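Now for the letters of each chain:
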Amino acid sequence: MTQAKKLQRIRSEYKAADGADEPIRLDRVISGKPMESVENLFTNSKENFFCGVWSSTEGKWKLNYTEDEFCYLISGRAILTDAEGHQEILSAGDAFVIPAGYKGSWETIGHAKKFYAVYEESEG
């Protein structure tokens, strides 16, 4: 007997809300000593869609997206700068999409936390 699929609430009170616990990879860091916390709360059966809560401390690092990501900034501020130098200043309450192929940088001002939903195109 197959179990029915149920709605799953994603709340901001998960581990990521308590502060960052892993350093951003050093080869990606541009400035500061940013730490991040990821609390993945759902993965689909194809393992190409994920969502949860992410947070980071202050710092700036390189981005090179192979996936599409929808974000909702729960708290804090960030500056995203694309490879051409165009900047977007984001604040709590802002929703945005980072498309696959995006290259640039993420800079957290203070401490930031977001809901994320990531879709990675399947190969093959």
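In the block above lies the structure referred to throughout.
From a predicted model like this one, the values you see are computed outputs, not experimental measurements.

Peer 1: Explain the overall build of the protein here, please?
Peer 2: What the protein contains, in helices and strands, is zero helices and eight strands. Each helix and strand of the protein, ordered N terminal to C terminal, gives the series β-β-β-β-β-β-β-β. Partitioning the contacts of the protein with sequence separation of at least 6, the portion at a separation of at least 24 is 66%. Summed over its atoms, the accessible surface of the protein is roughly 8,000 Å², and 51% of this surface lies on carbon and sulfur atoms.

Peer 1: Please explain the pairing of strand S3 (residues 35-43) as it appears in this structure.
Peer 2: On a regular strand, one side chain projects to one face of the sheet and the next to the other, so that they alternate. Two strands pair when backbone bridges link them, and strand S1 (residues 22-23) and S3 are joined in this way by two bridges, in the antiparallel orientation. Paired with Glu22 across the two strands is Glu36, which belongs to S3. Connecting the antiparallel pair S3 and strand S4 (residues 49-64) is a turn made up of five residues, with Glu47 showing a positive phi of about 55 degrees.

Peer 1: Just checking my understanding: could you explain the pattern of salt bridges for this structure?
Peer 2: Pairs can form between side chains of opposite charge once their charged atoms are near each other. Under the criterion given, the structure shown has two salt bridges. The salt bridge involving Arg25 is made with Asp27; its shortest N-O contact spans 3.0 Å. Classification of Arg25 as exposed rests on a relative accessible area of 51%. One salt bridge in this structure joins Lys114 and Glu69, with 2.9 Å as the shortest N-O distance. A residue pair is termed long-range when its members are at least 10 positions apart, and Lys114 in strand S8 (residues 103-119) and Glu69 in strand S5 (residues 68-82) qualify at 45 residues. By relative accessible area, which is 4% here, Lys114 ends up buried. Accessibility expressed as a relative area gives 6% for Glu69, which makes it buried.

Peer 1: Explanation requested: the packing of aromatic side chains in the structure shown.
Peer 2: By convention here, two paired aromatic rings are described through the distance between centres and the angle between planes. Within this structure, the stated rule accounts for six aromatic pairs. Measuring from ring centre to ring centre gives 5.3 Å for Trp54 and Trp106, while their planes differ by 80 degrees; the resulting arrangement is edge-to-face. Here the residue Trp54 occupies a position in strand S4, and Trp106 occupies one in strand S8, the gap between them amounting to 52 residues. Each member of the pair, Trp54 together with Trp106, is buried.

Peer 1: Please clarify how a nonpolar patch on the surface should be interpreted in this entry.
Peer 2: On the surface, Phe70, Tyr72 and Val97 cluster together into a nonpolar patch covering about 280 Å² of accessible area. With respect to the secondary-structure elements, Tyr72 resides in strand S5. Looking at Tyr72, the relative accessible area reads 34%, which means it is partly exposed.

Peer 1: Mind showing me how you'd approach the pairing of S5 here?
Peer 2: Note: S5 against S8, 13 bridges, orientation antiparallel. Looking at the pairing, Asp82 lines up with Gly104 of S8. In the sheet, S5 pairs with strand S7 (residues 95-98) via four bridges, with the strands oriented antiparallel. Looking at S7, one finds that Cys71 is bridged to Phe96. With five bridges joining them, S5 and strand S6 (residues 87-91) adopt antiparallel strand pairing.

The rules behind the values
- Residues numbered from 1 in each chain as written.
- Predicted model: local features only at pLDDT ≥ 70, side-chain atom pairs only at ≥ 80, totals over all residues.
- Heavy atoms only, no water.
- Helix = DSSP H or I, 4+ residues; strand = E, 2+ residues; numbered from the N terminus.
- Contact = heavy atoms within 4.5 Å.
- Areas by Shrake-Rupley, 256 points an atom, 1.4 Å probe, with all protein chains shown as cover.
- Pairing = 2+ DSSP bridges.
- Salt bridge = Lys/Arg side-chain N within 4 Å of Asp/Glu carboxyl O.
- Buried < 20%, exposed > 50% of the residue type's maximum accessible area, 1.4 Å probe, protein only.
- Phe/Tyr/Trp six-rings, centres within 6.5 Å; stacked < 30°, edge-to-face > 60°.
- Patch = residues over 30% accessible without salt bridge, like charges linked within 9 Å, V, L, I, M, F, W, Y side chains within 5 Å.

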